Every structure is written in structure tokens, then in C-alpha cells.
Amino acid sequence: MDRTFRTSNTSFIRAVAIGSLLIIGLDAANRVEPAFASSPALQDGNDADQTRLVGDFLHYVLIAKPDLAEAAGRQLFESGITDAQLAELVSENDLGDKVDRSLSRGRGMAGVGPMVTEFEKRLEEGRLELARNQDRIQEAIGMLNGSLRAQMMGKRRLIEAGEYAVPQLLDVLVASKDPEVEIRVIEVIEEIKRQAVLPLCAALPELSATVQTKVCRMLSKIGWPTAMPYLLKVATSRQSTPEVKDAAMTAFRRLGGTSTDVSAAFTALGRKFFAQEQSLIAYPADPVNMVWNYGPHSGLVQTPVPTSIFCQVMAMRSARTALAADPSNRMALAVFVAADLRRENQIGAGETDPFAADAKYTPQFFATAAGSSIARDVLAMAIDGNDTALVRDAISALGMTVERGRMVGAGGRQPLLECLRYPDRRVQYDAALVLGAAMPEKAFAGDNQVVPLLANAIRSNNDSFAVVVASTDEDRNSLSAMLGNAGFTVVASGPGFYDLESEINRSNGIDLVVVHAGEADAVTTVGQIRNFAGTGATPVMLMCSGIDKIAMDREFTSDRATGAFISGGTEAQFQSAVNSLMEVASGGRLTANDSMAYTRNALQTLANIARHGKGPYDITAAEPSLLAAMTSISGGMRLLVAEVVSLIATDASQQALIDAALAASSNEQISLLDLAASSARSFGNKAAGRQVEALRRLIASSTGEGNSSTANAAGRLYGSLDLSSDEAIRLIAND
């Protein structure tokens, strides 16, 4: 059936509904002649006073009279004005520009700053409330058929409603037979601009040919490139009419489209969503944003998705469409896998993904099932985005999918090797563990870093390291004390980040950077931090005033590794904010359990490297750390260290084992004596004379019931050292 007639069964119903809507709107339009008659909420006697108080507040802020502005603001809020009333009052009196100027000036003004912050917060909440009021949107659409003033007011309301107005506006376009109304609706949609694009694109494939053509022209007029893949899909669809194809392709070309590869176009859009470009989000500061779907009977349907994962949900949808168009599209598969993993990492506490129930498999399933080449692509994307949590996920997938001999490729980008220099200790350890277990036969760039990193992992603990940037000694000392109480070791502090780079380079990794600065200096400092190799992905906590926090939250919306904390908060609040930031940025602070796991895994990997004995790795590079660990680690973990030491063919390692065995007792002494004997059998006698004498004394003293196990172990070591049999003869003769 022709698409023109697809919705004919519902057109009559919609026409009746739209006709009723226009009648309601026309009646409303005849009631808007008084200045503030558009909202019943503003009809009471407080209206004039509230209008005057808003004007006074803005005026006094602009002329820098903070005491008078504070008084006017306090009186305004004590009048009982709601957030929605405040927003409508500002809108209906065309105060938008004046409000912007007043807020910009007032945020940093002493004496009125908190009141300005409160005004801005309540105004924004009111605007959001009005934008989502479907009855108000319906009334505003009706006003488009009223007087000139009514049309202006209705148009302004709809533009302010943004994407939330698009479903009802599109319904009018689908059902209305009035050309004048259509023209006004189209003008409004085009004025909504980028916020109208995703809803229109969701509806585009399902509309009648006539409406499709109109939507293509609107998308062309709006000029937002997000629409390009959707236009191209319609332009190349066999189901599209010639007129629709022509309109879609014309719009596609006008938006800058050149390729005719639908899969590539959706992949490119998916990568933009994956990169969390803020221009793709209708309301970046809102807790939720809308994912749109269209049904021939339901029209446009919105599904609220937490803003924290909105971009990843849209990236997955784009990648899925790309794969449907071309199943061999490797980059589309990588985008899907990466976005799926990031979605799981980024969803906040208490948030839910409305599409989670539709998923048949976990993100980890796709990360491994997609294969090692896709895991490498995901790892590269994660590195480019400084996404520490995703980097670790991708390394884990690589470790479970790549053959040992193929862990390091012959050419091209090597993201796993880049991880050896990534500015996060755990990422470096993870990469070293995977590369160490791979046992490559040939040398590769960075092979000399693997064993030292594994050695560092042995001695790692759950210490956290930080640096402080603050202009005064007082602030630096105060912040250093707070960090110390939070369990951080402050490696360095100074008035500027560049002053700290040498100390950072000498450190074993920085887990947190704390910056105390005003808005402008903070933005500059964060840029320096992100451009420095040692801190490119390190979490940054900005200490600021309450006024600056609003601006900083907006500035760093897309940088999840940067957070802001209002100076003057309690230490408990500071520690909670730091922990939350590090959880989001890198998966949380290194715990005692994490440290123990790294130590155990690193020892096992080093033992395998030593036993393998081939390839580019030099086990002796770990010797200093291993010998130091022999004196600092106890219990079963110490025996794991000793096992690795027993596999190193140096005098120092064998002598360290013998010293440890002679100083130990009970079962630990027996185990250490046997490990020392194993070293002697493998590499020959490297014991010092003093150790041989001490061993003889141990043998001589290990007589009688209960000491036989120790004596036997000491005897095995003595024999393994291939010493003179005189000692055995003497013991026999004296028996």
C-alpha cells in the first residue's frame, strides 16, 4: 500500500482532535490581551507585586546594589511565588536577556551571590516544569490560530518547550488540512532547531510520503548534521517514493553529506554519541533525556533515560542500525560493545536503564564474543576518551580472547602497549599482567616495562597519592591535611600545576589532583592537567565557592573525571565527594583486596616468566622489588615471593633465600630451605661462607624428636649446595 494512505485510518481521528485543540486555543487567544492573562496562576493580586519584585531584583543586581537586590529577592520568594510562576513571569515579560545579564554579573557579587544562585535554580526548575506541561503545549498550539499577539505568545511557549512540543506539533502536521496552520507549525518546529531533530528523525521512516517530504525539508532548514544518517536511510530505501527520495537526498547534501553508505553514516553518528558530544543532548543539565520512538497509532513516544547513560544508549541504537545495514561493519560493532560497557559503568546509584530488560546478554558477553580485534578497537576508543573504567574492561576482554603469541600485533596501532604508560596504576598493572601472561617470543616496543611494572605491583598497597594546586600556603596546607585524613599521601603541592610536573614524574602514579582556584584559573589548570601525560585521565577535584560550582559543573559536564566541591564543607563531605568522583572516573580507590590480588597475580605471572626463560622479558629486572618484598611481606604471600626468587639465577637471590630460611622457624623455615635447595640445584652453589657455617649450626642443633623435618630440609639444602661430605661423615662419627 502507498505510504500516503498508511495513516488514513487515524487521520480522521487526529483531525477531530486537532480541530478541538485549535478551537480551545482560539478561545484562549481571545483572553490574552492583558499583559499577564495567559496563566491562571498569575491572575491573583500578587501578580503585580511579584512582577515588580522580579524587576527590582534584576535592576539592583545590574547596578551592583547587593543589599537592595538581596531584599527584593527575599521578598519575592516570601510572596509564595512558585518556580513555574517565576518562569512564566520572566517569559511573558520578555525578561530573558535581562535575566542572563543579571545572573552573569550577580554570581560573583558579594552580599547577593547565594540569592542569585537560588533565583537561577528556581527559574530553571520552573522553565523545565513549563516545558513538560502538555496541557500548556496544547494551548500554545491552539494560539497559533489566534490573533497576532496570541500567535507570538504561543510560538514563544512552544520554542521554550523544545523537543517536548514536537509530538503534538507533528500530530498537527499529520492530521491538519489547513495550509496556514501547517506553515505556522513548520515555522515553530524550525525555530525549535536542534532539539526537534531526534524526534523528527525517529518519526521520519514511519510517516506518510507527504509528511516525510515536509519533515525532510524541515530538517534541511534546521541544518543540524545529526539528521544526516536518517535522511540517507530514507533516501536509499526501496520503500520511499521518488519525491521522498529526492527531498531526503537534497536535505542530506545540504547538511554536508557526501557518502552514500548508510552503515558508515550511522557509525559516525554512533561515535559522536559515544564521545558524549554535548550538542547531541537536548538538555545536558537535566537528570533525564528522551529517547524517541514512533508508532502509526501512538505517534511520537518518549522514553526517559538517565542523562548519565543517554549518549551510550543512543550510540548503541546507532550502531545497531549500522550493523543492520552492513553486518561486516567492524567499527559499528566496536561502538556497540564500547557503549554497552560504558553504559554499565556510568549509570548512577538509584538510576535505572529502561532498556536493560530488552538486553539478552551482558556487556561482558559481547566484549568477549566479538573477538580480540574488536576488543583492541574498544581499548583504543577508551584510551582516546581517557575512560579508565572502560580501558580496564577492554584489557580484561583482550586477556580472555587473544592467543598468547598474538597479543602484540605486527603493525598498526597497539593500544595494549599504550596502556603501559596510561596515567593510572591499575591500568598499567592490568596491561603488564596480560602481556606477561602472553609470553611473546619476540621483542616489542615497551617490553622492558612489563617486568618492572609487575615488580611494582608486588609491593603495591592501597595507598593513594595526590597533588595539590592552590595559590596560598594556607590553602595548600589545609587541603593537604584534609587529604591526609582521607587516606592520601600528598606527593607535591604548589601554586601552579606546572610546578608539580617533575614530582609527578618521579612518583609511582597520581590518583587525585585537588585544585583550589576561581572559575577562569580552574579551567586553565584542568586543561594543563589533561594535556600532561602523567595525569591525562586522573580524577580532578575543584575546590570552589557555591557560585563558581554552578559554572564549573556546566563547564565540565562532559568530563566525568572532574568534579567540584564547595570549600567550607566538612571533611566527611569532602571524603564522600572524592570517593564518588573516583568511583565514576576510575572505578574507585585501590582497596586492600585489590592490592592483594595484584600482588598474587603479579607473582604468579613473574614465576611463569622465569620458568619460561625465553622471549624478551628479563626476570632480573624484578629482583630488587622481590628481595625487598622478602623482608616486608609475611605469611603465605612471602612463600610466593620466595618461589619467584628461587627461579632467578643470581648470587643475591639465592643468598637472600638462604638468609630468610635460616632466620625463619617451623613450617615456613622448611619451605624456605627447600626453595633455597631448588635454587642451588638449578643454578649451582652461590651461598656465602657465613651461610654455609650457619647451615651447619642449624643441622647440628636440629636433633632429637620433633626436629627431624627441619633437619631433613637443612640436609637437602646442604646436599644441593654440593658441599664436602665431611659434614655428613662428622655427624655420623659423632652419633
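Check the entry above for the structure.
These remarks concern the structure in this document. All residue numbers refer to positions counted from 1 along the written sequence of the respective chain. For this predicted model, a pLDDT threshold of at least 70 governs which residues receive local features, and a threshold of 80 or more governs which side-chain atom pairs are given and counted, while totals over whole chains, interfaces and linings are taken from all residues. Only hydrogens and water are removed before side-chain values are computed, so all heavy atoms of the structure are retained for them.

## Some thoughts on the packing of helix α33 (residues 666–683) against helix α35 (residues 708–720)
No. 1: Two numbers describe how α33 lies on α35: the axes approach to 8 Å, and their chain directions differ by 15 degrees. Considered as vectors, α33 and α35 are oriented roughly parallel to each other. The chirality of how α33 crosses α35 is left-handed. Every residue of α35 that contacts α33 at Q669, I670, L673, D674, A676, A677, A680 and R681 is listed here: S709, T710, A713, A714, R716, L717 and S720. A fitted line through C-alpha atoms serves as each axis, taken over the contacting stretch for helices, and the angle formed by two N-to-C directions is quoted from 0 to 180°. Helix and strand assignments follow DSSP, with helices taken as H or I runs no shorter than four residues and strands as E runs no shorter than two, numbered in order from the N terminus. Should an angle fall under 35 degrees it is called roughly parallel, over 145 degrees roughly antiparallel, and 65 to 115 degrees roughly perpendicular, with every other angle called oblique. Rotating anticlockwise by less than a right angle from the far helix to the near helix defines a left-handed crossing, while the corresponding clockwise rotation defines a right-handed one. Contacts are assigned to residue pairs that have any heavy atoms within 4.5 Å of one another.

## Digging into helix α19 (residues 372–384)
No. 1: Taking 1.5 Å per residue, 13 residues should reach 18 Å; α19 reaches 18 Å between its end C-alpha atoms and fits that length.
No. 2: Here the term buried applies to any residue with accessible area under 20% of the maximum for its type, exposed to any over 50%, and partly exposed to those in between, with areas from a 1.4 Å probe on protein chains only. Counting buried residues in α19 gives 10 out of 13 residues, a clear majority hidden from the surface.
No. 3: Within α19, burial applies to I374, A375, R376, D377, V378, L379, A380, M381, A382 and I383.
No. 4: Looking at the packing, one finds that the buried side of α19 touches α15 (262–274), α17 (330–346), α18 (363–369), α20 (388–401) and α21 (415–418).
No. 5: Looking one or two residues past α19, N386 carries a phi angle of roughly 50 degrees, positive in sign. How far a helix is expected to stretch is found by multiplying one less than its residue total by 1.5 Å.

## A closer look at the packing of aromatic side chains
No. 1: Between the rings of Phe, Tyr and Trp (Trp by its six-membered ring), a pair exists once the centres lie within 6.5 Å; its type follows the angle of the planes, with under 30 degrees stacked, over 60 edge-to-face, and the other angles tilted. Applying the stated criterion across every chain yields a total of 12 aromatic pairs.
No. 2: A connected cluster of aromatic rings, assembled from ring pairs, spans F336, Y361, F365 and F366.
No. 3: A cation over an aromatic ring shows up here: R132 above the ring of Y283, its NZ or CZ 5.5 Å from the ring centre.
No. 4: In this arrangement the basic side chain of R342 is found over the ring face of F274, its NZ or CZ atom lying 3.9 Å from the centre. The rule is short: NZ of Lys or CZ of Arg within 6 Å of the ring centre and within 35 degrees of the ring normal puts a charge over the ring.

## Digging into the layout of surface pockets
No. 1: Using protein atoms alone on a 1 Å grid, points that fit a 1.4 Å probe yet trap it form a cavity, whereas open point sets bounded by protein on both sides within 12 Å along at least five of seven lines form a pocket; residues with an atom within 4 Å of a point count as lining. Grid points are joined across faces, edges and corners, and a volume is the space filled by probe spheres set on the points. Of the volumes computed, that of the second largest pocket is approximately 950 Å³.
No. 2: Lining the second largest pocket we find 42 residues, and of these N345, N386, D387, A389 and R392 sit closest to its centre.
No. 3: Of all elements in the fold, only α15, α17, α19, α20, α22 (425–438) and α28 (571–586) reach the threshold of two or more residues within the lining of the second largest pocket.
No. 4: Sorting elements by how many residues they give to the lining of the second largest pocket places α20 first, with 7 residues.
No. 5: Looking at the lining of the second largest pocket residue by residue, the class counts come to 17 nonpolar, 11 polar and 14 charged. Charged residues are taken to be Asp, Glu, Lys and Arg, nonpolar residues to be Ala, Val, Leu, Ile, Met, Phe, Trp, Tyr, Cys and Pro, and polar residues to be all remaining types, Gly included.

## Details of the nonpolar core
No. 1: Remark: nonpolar core denotes a set of buried residues (Ala, Val, Leu, Ile, Met, Phe, Trp, Tyr, Cys) joined through side-chain atoms within 4.5 Å. Residues L170, L200, L231, L606 and L626 are the most contacted members of the largest nonpolar core, which totals 161 residues.
No. 2: Here this core takes 9 residues from helix α16 (residues 307–325), the largest share from any one element.
No. 3: Look past the residues within four positions of L231 in its chain and what remains in contact with it is L204, C216, L219, A248, A251, F252 and L255.
No. 4: Formed by 25 residues, the second largest nonpolar core is a distinct cluster that contains L58, V61, I81 and L95.

## Notes on the pattern of salt bridges
No. 1: Basic side-chain nitrogens of Lys or Arg form a salt bridge, by our definition, when they fall within 4 Å of a carboxyl oxygen of Asp or Glu. In the structure shown here, the tally under the stated rule is 34 salt bridges.
No. 2: Measuring nitrogen to oxygen at the nearest pair gives 2.8 Å for the salt bridge that ties R413 to D384. In this pair, R413 sits in the loop between α20 and α21 while D384 sits in helix α19, placing the two residues 29 residues apart along the sequence.
No. 3: Of the charged contacts, one joins D553 and K549 as a salt bridge, the two residues approaching to 2.8 Å between their closest N and O atoms. Here D553 and its partner K549 are both found in helix α27 (residues 546–555), 4 residues apart, which amounts to about one turn of the helix.
No. 4: By relative accessible area, which is 24% here, K549 ends up partly exposed.

## Topic: the sheet that holds strand β4 (residues 488–494)
No. 1: Taken in spatial order, the 5 strands make up an open sheet running β4-β3-β5-β6-β7, and their pairing is parallel. At either end of the open sheet lies a strand with only one pairing partner, and these are β4 and β7 (562–566). Each adjacent strand pair in this sheet contributes to an overall mean axis angle of 25 degrees, direction not counted.
No. 2: Two strands are said to pair when DSSP picks up at least two bridges between them. Of the strand pairs in this sheet, strand β3 (residues 464–470) and β4 are connected by 6 bridges, and their pairing is parallel. Considered in β4, the bridge of V468 is made with S493.
No. 3: Taken strand by strand, helix α24 (residues 473–485) contacts β3, β4, β5 (512–516) and β6 (540–544), and its axis lies near 160 degrees from that of β3.

## Describing empty space enclosed by the protein
No. 1: Considering all chains together, one arrives at 2 cavities of 30 Å³ or more under this definition.
No. 2: One number sums up the size of the largest cavity: a volume of about 110 Å³.
No. 3: Secondary structure elements with two or more residues in the lining of the largest cavity: α22 and α28.
No. 4: Tallied by class, the residues present in the lining of the largest cavity amount to 6 nonpolar, 4 polar and 5 charged.
No. 5: In this structure, the second largest cavity encloses a volume near 80 Å³.
No. 6: Lining the second largest cavity are E163, R194, Q195, V197, L198, P199, W224, T226, S279, L280, I281 and A282.
No. 7: Classifying every residue of the lining of the second largest cavity gives 7 nonpolar, 3 polar and 2 charged.

## Observations concerning the pairing of β6
No. 1: Here β6 lies mainly inside the structure; 5 of its 5 residues are buried.
No. 2: Traced from β5 through helix α26 (residues 519–531) to β6, the parallel crossover comes out right-handed.
No. 3: Inspection of the sheet shows β6 paired to β7 by 5 bridges, in the parallel sense. Along β7, the bridge assignment pairs C544 with I566.
No. 4: When the strands point away from the viewer, a crossover counts as right-handed if the path from the first strand over the helix to the second runs clockwise. Between the parallel pair β6 and β7, the chain is carried across by α27, and the sense of this crossover is right-handed.

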